[in-house]
Amino acid sequence: MGILNWIRFMIGLSCLFLGMIIFILETIGIFRFKYVLNRMHAAAIGDTLGIGICLLGLMLLSGLNFTTFKIGLIIVFFWLASPVSSHLISRLEVTTNEHLSDVCELPENNSKEEEAV
C-alpha cells in the first residue's frame, strides 16, 4: 500500500504546483493587459481554474475523509461565485464607463427598439 500513497502524494503535489503556475500566469496577464475588462477576464479564468486545481490537489493529499468532502464543497462554491462576481463587476464597468467605445467594439444601440417589439 505504500506505493499507492506515494503516487497519490505525487499527483496531489503536481496539482498544487500546476495551480500555482496558473496563478502566476494569471498575475502576469493582469499586469500585461491594458483594459480593465481584459484584466477582469484573465483574473476570473485564472482564479476559477487555479483554485479548482489547487483544491483538487489538497483533496488528493487529504485522502478520503470528511475534509475531502468539505474541500469539494468549497470548489463548488468557488466555481459558482467567482464567475458570477466577475460578471457583475464587468457589467458595472460597461454601464458606468462613458468612453467604452474608444477601447471596445460596441454594437449599435438598438436595445430600445428591440424592447418595444
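Higher on the page you've got the structure.
On a predicted model such as this, the values are computed, not experimentally measured, just so you know.

A. Representation of the overall build of the protein within the structure. The number of helices and strands found in the protein is five helices and zero strands. For the protein, the sequential pattern of α-helices and β-strands runs α-α-α-α-α. Looking at the 117 residues of the protein, the share that counts as buried comes to 24%. For the protein, contacts bridging at least 24 residues in sequence account for 68% of all contacts bridging at least 6. Accessible surface computed for the protein: about 9,000 Å², of which carbon and sulfur atoms make up 70%.

B. Representation of the side chain of Thr68 within the structure. Within the secondary structure, Thr68 sits in helix α3 (residues 66-96). By relative accessible area, Thr68 is classed as buried at 11%. Not counting residues within four places of it along the chain, the set of residues in contact with Thr68 comprises Met59, Ser62 and Gly63.

C. The arrangement of the environment of Val76 in detail. With respect to the helices and strands, the residue Val76 is situated in helix α3. When the C-alpha positions of Val76 and Gly52 are compared, they lie 8.7 Å apart, and in sequence the two are 24 residues distant.

Conventions used here
- Residues numbered from 1 in each chain as written.
- Predicted model: local features only at pLDDT ≥ 70, side-chain atom pairs only at ≥ 80, totals over all residues.
- Heavy atoms only, no water.
- Helix = DSSP H or I, 4+ residues; strand = E, 2+ residues; numbered from the N terminus.
- Buried < 20%, exposed > 50% of the residue type's maximum accessible area, 1.4 Å probe, protein only.
- Contact = heavy atoms within 4.5 Å.
- Areas by Shrake-Rupley, 256 points an atom, 1.4 Å probe, with all protein chains shown as cover.

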